[in-house]
Amino acid sequence: MKSTLTLIFCLFINLSIAQPNRLLVFQTDFGIKDGAVAAMKGVALGVDDDLRIFDLTHEIPPYNIWEAAYRLNQTASFWPARTVFVSVVDPGVGSARKSIVLLSKHGHLFVTPDNGTLTLIAETEGIQAVRLIDEKINRLPGSSASYTFHGRDVYAYTGARLAAGKIKFDDVGPLLEQPIVTLPYEKASVKGKEATGTIDVLDVQYGNVWTNISQALVNDLQINYGDLVRVRILKDNMVKFDNDIVFGRTFADVAEGKPITYLNSLLNFSIGINMGDFAKTESIGSGNMWKIIISKSAKKK
Amino acid sequence: MKSTLTLIFCLFINLSIAQPNRLLVFQTDFGIKDGAVAAMKGVALGVDDDLRIFDLTHEIPPYNIWEAAYRLNQTASFWPARTVFVSVVDPGVGSARKSIVLLSKHGHLFVTPDNGTLTLIAETEGIQAVRLIDEKINRLPGSSASYTFHGRDVYAYTGARLAAGKIKFDDVGPLLEQPIVTLPYEKASVKGKEATGTIDVLDVQYGNVWTNISQALVNDLQINYGDLVRVRILKDNMVKFDNDIVFGRTFADVAEGKPITYLNSLLNFSIGINMGDFAKTESIGSGNMWKIIISKSAKKK
Amino acid sequence: MKSTLTLIFCLFINLSIAQPNRLLVFQTDFGIKDGAVAAMKGVALGVDDDLRIFDLTHEIPPYNIWEAAYRLNQTASFWPARTVFVSVVDPGVGSARKSIVLLSKHGHLFVTPDNGTLTLIAETEGIQAVRLIDEKINRLPGSSASYTFHGRDVYAYTGARLAAGKIKFDDVGPLLEQPIVTLPYEKASVKGKEATGTIDVLDVQYGNVWTNISQALVNDLQINYGDLVRVRILKDNMVKFDNDIVFGRTFADVAEGKPITYLNSLLNFSIGINMGDFAKTESIGSGNMWKIIISKSAKKK
């Protein structure tokens, strides 16, 4: 009898383990000065008050879809499979732009307008399937008179229902028939003894410059720790910086105030100043118009 | 026997369901640069480490009770019944101002100084009852020498005890014998073919202007999507803006850089610029001295 | 039979109570504009998706170890025993600086680089033991090529494993054989009728000045509520402020715009202006070079 009961109890526990992991992560360009983020979280907890809700960031610069794409790509791989990400950088809210959920090959779910936000994740994690959100079913009841806050009425609500297991991925809506919208961007490449790439983003808090040149390309150039690297930075094809900088493991490899090139936390080629701000010091920005060319320097350290 | 046990187990589960929902939401003007918010959360988790704690915002401008009132009103209705809101914008901390808990007709609880913070919620959600916090019982043990941080010592502690079900609403203290303190504000109204209202707040992140003119009043003026609306904005009775703007569903209804009037996420009349910042462009602010008059324009689009 | 089963059930419950409290608190100087904090939280939830994760602050000024030490000390005592704090202000990341976990006499755990971050906590809470993190065991699997983000790869991972009970304190690594690194700082003291101390930090949101002169020292000077206090503030031994200010319980004890001295939420001597900003008005800063001398004034209020 005892064992029968234990079995019943364990079945109960196992069932609950078989549920989704209830992790829901929000990213927006709303800022945190008003009630918009809290309204989304309230809607999600109205779906299931046992969801575990987290913030990626709400400080994406307004309307900056590229940065939304970058921040998702920077973080999602560190989260457990089945985590649901809701990203709302949505300048086209209420227009004909589609609302989608992407299931990646890593098992993450991304709920977002189809406006390029998933450009990088689609490539890094791979796509299992993309579904169009059927707003007749997946929309906060009573919200149909509201046209400007799909983040709350559609995305938070749908994300919460997925994270809570109230709906399955198949219940989101029909499969998307065309490819997702992607932002144009150039991949880094090696030609001869040079690698050319883009400054994807600034590591804003510290003024480091993050490029899309991967560890593999750095290895192709046979750049080793301690070598000097010639770094040329161009904005709209005008040279903004041209100098040799040592390649190190970490900031502490150079004296305070000295520049260093290194592999950042995503293992991409980056430039900083130990205890300083390289981007500010050299007036460097980020985005498609900012190119970088690196090569092993002929000079010795 | 099995069914008896199942019954016991279900009773246990039901009991736990009968508990409060353990949702606790904080709003303050403390900012997030120091440890004040974390001290409040630590106190709350000391009451019950299974509370689910969320932030509405901590960026209410210092001492701005009106904005605290607005942000509560903007968000509370999206949260489940029994959620406990703790709002600490408290310029009169330690003075004779009272500390209260309001139970709304929607079943939300608001823990706050009685200084006007509940002006809008009282009207929108309605009041079931208001109780004075009896600080002899409902104050963090050992905190009596501290006179400047009731947010931590009284409000977080009391809110946590309510959210965790350690005390019931009746245990807060005696019923408040007088009405709660309210801030003066003017309601929007229609007279003839014009609606007059106030610019309650700016949608700060995007520079949109949010008024207190409701969808019902817009309907009274027979303004339909696609119509031109004459918008006059006055500061202290001086005209600051006077122009016709189209009324649309959402920003994408106009070209980038063009102004639009629309119903915001609270279904109030608002003004913005698609991908722009109307408040900054036109130097518009918010508050009691900022009035707005709208009417259906004689011109055609 | 019923009682046997109840017993089994209760044992199960008790076991889960015997687990760690699963509270994990993060403090960094990363800011909240990018994905660094979210990457750390994802790593932690990968260890155990049932952790309860909170933020102390992520707005420690970059590289400011003193302020990290202060904010930990300001808040930790309000958190339950067994809470795990992960603090990452780490200008020496990747250098020879050690990574440690301190178990305080209050039962809190602090995971951090050994760079002075625990200067104040060590004194206030007392040290039970300090262990060196053995990175061969306690490091995110697969992260060994990353040298610049120990916050994610070592501290978040180790803190999460401690908070989740996956490892015990003893499993962190060997006991630290030397004392922890501490920042130099001067304690407040009384000499004759004067107390001398340091302006440890500004209460940034409101412009209040917080010193390290404790309630006990104020009592030694026989300063009572309502007395005038002579306040001298010096920067690098140059007098920046010298005036009498009344000692009150709370801001509301003086008229709006008037200065007041009071005991802050940590019961230390502080200076503010009711509804104003003392630090800005008088151009006062904080840090080791900012000294304060107080005494009971000869004048009457």
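Below you will find a few notes about this structure. This structure is a prediction, so every number in the text was calculated from the model and none was measured. (Residues numbered from 1 in each chain as written. Chains lettered and ligands numbered in written order. Predicted model: local features only at pLDDT ≥ 70, side-chain atom pairs only at ≥ 80, totals over all residues. Heavy atoms only, no water.)

1. Section: the interface of chain A and chain B
Okay, so step 1: Taken together, the contact between chain A and chain B spans 41 residues of the former and 40 residues of the latter.
Okay, so step 2: Note on chain A versus chain B: buried area summed over both sides is about 3200 Å², and carbon and sulfur give 64% of it.
Okay, so step 3: Of all residues in chain A, A:Lys33, A:Asp34 and A:Tyr63 give up the largest surface area on contact with chain B, accounting jointly for 17% of the area buried on that side.
Okay, so step 4: On the surface where chain A and chain B come into contact, there are one salt bridge.
Okay, so step 5: The tally of links from chain A across to chain B stands at ten residue pairs in polar contact (both at pLDDT 80 or more).
Okay, so step 6: Counting residues per element, the ones that place at least two in the side of chain A that touches chain B are helix H1 (2–17), helix H2 (36–47) and strand S2 (52–57) of chain A.
Okay, so step 7: With eight residues, the single largest contributor to the side of chain A that touches chain B is H2(A).
Okay, so step 8: When the residues that make up the side of chain A that touches chain B are grouped by side-chain class, the tally is 22 nonpolar, eleven polar and eight charged. (Contact = heavy atoms within 4.5 Å. Buried area = accessible area lost by both parts, 1.4 Å probe. Salt bridge = Lys/Arg side-chain N within 4 Å of Asp/Glu carboxyl O. Polar contact = N/O pair within 3.5 Å; in protein donor to acceptor, adjacent residues only side chain to side chain. Helix = DSSP H or I, 4+ residues; strand = E, 2+ residues; numbered from the N terminus. Nonpolar A, V, L, I, M, F, W, Y, C, P; charged D, E, K, R; others polar.)

2. Concerning the relation of the copies chain B and chain C
Okay, so step 1: Overlay of chain B on chain C (RMSD 0.0 Å): rotation 120°, translation along the axis 0.0 Å. Expressed as a symmetry operation, the mapping of one chain copy onto the other fits a three-fold axis. (Least-squares fit on C-alpha atoms with pLDDT ≥ 70 in both.)

3. Focus on helix H5 (residues 150–163) of chain A
Residue and element names in this part refer to chain A.
Okay, so step 1: Within H5, the axis deviates most sharply at Ala 156, by approximately 30°.
Okay, so step 2: Across the 14 residues that make up H5, a large majority, 14, are buried.
Okay, so step 3: Within two residues after H5, Gly 165 carries a phi angle of roughly 75°, on the positive side. (Bend = angle between axes of the 7 residues up to and from the residue. Buried < 20%, exposed > 50% of the residue type's maximum accessible area, 1.4 Å probe, protein only.)

4. Quick word on the sheet that holds strand S1 (residues 23–28) of chain A
Residue and element names in this part refer to chain A.
Okay, so step 1: Here six strands make up an open sheet; going across it, the order is S2-S1-S3-S5-S4-S6 and the pairing mixed. Unpaired on one side and paired on the other, S2 and strand S6 (127–132) mark the two borders of the sheet. Neighbour to neighbour, the strand axes of the sheet diverge by 20° on average, direction disregarded.
Okay, so step 2: The sheet contact formed by strand S4 (residues 99–104) and S6 spans five bridges and is antiparallel. Bridging across to S6, Ile 100 finds its partner in Leu 132.
Okay, so step 3: Contacting S1, strand S3 (84–88), S4 and strand S5 (109–113), H5 crosses the sheet at an angle of about 175° to S3. (Pairing = 2+ DSSP bridges. Axes fitted to C-alpha atoms, helices over the stretch in contact; angles between N-to-C directions.)

5. Remarks on the side chain of B:His58
Okay, so step 1: Its location among the elements puts B:His58 in the loop between strand S2 (52–57) and helix H3 (65–75).
Okay, so step 2: In this structure the side chain of B:His58 is engaged in a polar contact, spanning 2.8 Å, whose partner is the side chain of B:Thr28.
Okay, so step 3: Of note is the side chain of B:His58, whose polar atom sits 2.7 Å from the side chain of B:Asp55.
Okay, so step 4: In contact with B:His58, other than residues within four places in its own chain, are B:Phe26, B:Gln27, B:Thr28, B:Asp29, B:Phe30, B:Gly31, B:Ile32, B:Val37 and C:Gln205.

6. Here we look at unusual backbone geometry
Okay, so step 1: Backbone geometry places B:Arg22, a non-glycine residue, at a positive phi of 65°.
Okay, so step 2: The residue B:Arg22 is located in the loop between helix H1 (2–18) and strand S1 (23–28) in this model.
Okay, so step 3: For B:Arg22, a relative accessible area of 22% corresponds to the partly exposed category.
Okay, so step 4: Phi angles above zero are rare outside glycine, and C:Asn237 is one such case at about 70°.
Okay, so step 5: Counting through the fold element by element, C:Asn237 comes out in the loop between strand S10 (228–235) and strand S11 (238–246).

7. Focus on the sheet that holds strand S4 (residues 99–104) of chain B
All names here are of chain B.
Okay, so step 1: Across the sheet, which stays open at both edges, the six strands sit in the order S2-S1-S3-S5-S4-S6 with mixed pairing between neighbours. Either end of the sheet is taken by a strand with one partner, and the two such strands are S2 and strand S6 (127–132). Adjacent strand axes in the sheet meet at a mean angle of 20° when their direction is disregarded.
Okay, so step 2: Across three bridges, strand S3 (residues 84–88) lies against strand S5 (residues 109–113) in parallel orientation. Bridging from a neighbouring strand, Phe 85 pairs with Phe 110 of S5.

8. What about the packing of aromatic side chains?
Okay, so step 1: In the structure shown here, the tally under the stated rule is 33 aromatic pairs over all chains.
Okay, so step 2: Taking 5.3 Å as the distance between ring centres and 75° as the angle between the ring planes, the aromatic pair formed by B:Phe241 and B:Phe278 counts as edge-to-face. Separated by 37 residues along the polypeptide, B:Phe241 in strand S11 (residues 238–246) and B:Phe278 in helix H7 (residues 278–281) bring together distant segments of the chain. In this structure, B:Phe241 and B:Phe278 share a single accessibility class: buried.
Okay, so step 3: When the centroid spacing of 6.3 Å and the interplanar angle of 15° are considered together, the rings of B:Phe247 and B:Phe269 count as stacked. Linking B:Phe247 in the loop between S11 and strand S12 (259–263) with B:Phe269 in strand S13 (residues 268–273), this pair joins segments that are 22 residues apart in sequence. Comparing B:Phe247 with B:Phe269, the two get one shared label, buried.
Okay, so step 4: Chaining the aromatic ring pairs together yields one cluster made of A:Phe54, A:Trp79, A:Phe85 and A:Phe110.
Okay, so step 5: Looking at B:Arg131, its charged tip hangs above the ring of B:Phe169, at a distance of 5.3 Å from the centre. (Phe/Tyr/Trp six-rings, centres within 6.5 Å; stacked < 30°, edge-to-face > 60°. Lys NZ or Arg CZ within 6 Å of the ring centre and 35° of its normal.)

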